[in-house]
Amino acid sequence: MQRAQLLHVPRAPGARDPPRRAVTPVLAAPGTIARAQEREEILHAAAVTGVDEARPVAAGAGGLLALVHAVFAIHLRTDQIVGGTAVNFLALGVTGYAFVQLYHGNNVPTGVSQIPNVNLTKTSNHGFFSDAFGHLNLMIWAAMALVVVSYFVMFRTPLGLRIRACGEHPRAADTVGINVYLLRYVSVVLSGMLAAAGGAYLTVGFLGTFNENVTAGRGFIALAALIFGNWRPFGAFGAALL
């Protein structure tokens, strides 16, 4: 897949010269997602573990941090790996400092509401279906549903075609009137919010607490699954199951 190459076609008069690399939730040039996953996960993980009333605001934390990275990568055209690494350290530092200041390095107090599990079978049932699917967290079911939704949007709708065009052949997309900058910004922010959802599951769906650097590189594992899955939703899902 030629994600970083441009299609050399005649350009319309006054057409803008968009940045070279793709920045979309599923289809992106190397480096964009590599540095996105980890920082949004840890920032949102820290935010949702606090006061329940702050969670609606915390839900946009990953998208906001992704927007910062998008400005550097899209408009300022900085190296995505270098810029993304810097934002990663920013998220790690902000969450670590807040954790020490608020909780003095101790564990987050208990009593924080958790994302519930979906109980399809009785607790006493220990069959294969019950053990594998009977008590999964709500976020896991939502993630599996998003695999189908993302595939349909990316490969079966005009919007998905435009997103992929802005990633693979931005000049060609710009020539036919597609707002490349807008789609790239929206895609990066959306990818940040989805990564933040992973951080939310980690703290209030799985661990039930927050510690400094709680993600421990899981965002990079998600990137590896995406690459191993050939940048396709179902491929990444299969790689994650391994």
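Here the structure is a predicted model, which means the values were calculated and not measured. Here the residue index of a chain counts from 1 through its sequence in written order. Local features in a predicted model are, by the rule used here, given only for residues with pLDDT of at least 70; side-chain atom pairs are given and counted only at 80 or more, and totals for whole chains, interfaces and linings are based on all residues. No hydrogens and no water enter the side-chain calculation; it runs on all heavy atoms of the structure.

Participant: Talk me through helix H11 (residues 233-241); I want residue IDs and the actual numbers.
Facilitator: The buried label goes to any residue with under 20% of its type's maximum accessible area, the exposed label to any with over 50%, and the partly exposed label to all in between, with areas taken from a 1.4 Å probe on protein chains only. Each helix is a run of H or I in the DSSP string that is no shorter than four residues. Each strand is a run of E no shorter than two, and both are numbered from the N terminus. For H11, the complete set of buried residues consists of Pro233, Ala236 and Ala239. For H11, the buried positions fall inside an angular range of 130° around the axis, keeping them on one side. Only heavy atoms enter the contact rule, under which two residues are in contact if any of them lie within 4.5 Å. Where H11 is buried, its residues touch helix H6 (138-156) and helix H10 (218-228). Here, the arc refers to the directions that run from the helix axis to the C-beta atoms.

Participant: An account of the environment of asparagine 119 is needed here, citing residue identities and associated values.
Facilitator: Considering the arrangement of structural elements, one finds asparagine 119 in strand E1 (residues 117-119). When the C-alpha atoms of asparagine 119 and leucine 138 are compared, they prove to be 9.5 Å apart, with 19 residues separating the residues in sequence. Ignoring anything within four residues of it in the chain, the contact list for asparagine 119 reads Gly134 and His135.

Participant: Summarise the packing of H10 against H11; cite the residues concerned and give the values.
Facilitator: Only the contacting stretch of a helix is used when fitting its axis, a line to C-alpha atoms as for every element, and angles between N-to-C directions run 0 to 180 degrees. Two elements in contact, H10 and H11, have axes whose closest approach is 7 Å; the angle formed by their N-to-C orientations is 125°. Here H10 lies oblique to H11, going by the angle between them. Viewed along their axes, H10 and H11 form a crossing whose handedness is right-handed. Where H10 approaches H11, its residues Ala225, Leu226 and Phe228 are matched on the opposing element by Gly235, Ala236, Ala239 and Ala240. Orientation is classified from the angle alone, with under 35 degrees giving roughly parallel, over 145 giving roughly antiparallel, 65 to 115 giving roughly perpendicular, and any other angle giving oblique. Should the near helix be turned anticlockwise from the far one by less than a right angle, the crossing is left-handed, and should it be turned clockwise, the crossing is right-handed.

Participant: Describe the packing of aromatic side chains, naming the residues involved and giving the relevant values.
Facilitator: The geometry of an aromatic ring pair comes down to the distance between the two centres and the angle between the two planes. Stacked, tilted and edge-to-face are the three classes applied to pairs of Phe, Tyr and Trp rings, where Trp contributes its six-membered ring and a pair requires centres within 6.5 Å; stacked means planes under 30 degrees apart, edge-to-face means over 60, and tilted covers the rest. Under the definition given, this model contains 4 aromatic pairs. Consider the rings of phenylalanine 129 and phenylalanine 133, whose centres lie 5.8 Å apart with planes at 40°: the pair is tilted. Of the two residues, phenylalanine 129 and phenylalanine 133 are both situated in helix H5 (residues 128-133); the distance of 4 residues between them amounts to about one turn of the helix. A network of ring pairs unites the aromatic residues Tyr151, Phe155 and Phe234 as a single cluster.

Participant: Any details on unusual backbone geometry? Residues and values, ideally.
Facilitator: Despite not being glycine, arginine 77 shows a phi value in the positive range, around 55°. The residue arginine 77 is located in the loop between helix H3 (61-75) and helix H4 (80-103) in this model. Using a relative accessible area of 47% as the deciding quantity, one classes arginine 77 as partly exposed. Phi is positive for asparagine 230, which is not a glycine, with a value near 60°. Note on placement: asparagine 230 falls in the loop between H10 and H11.

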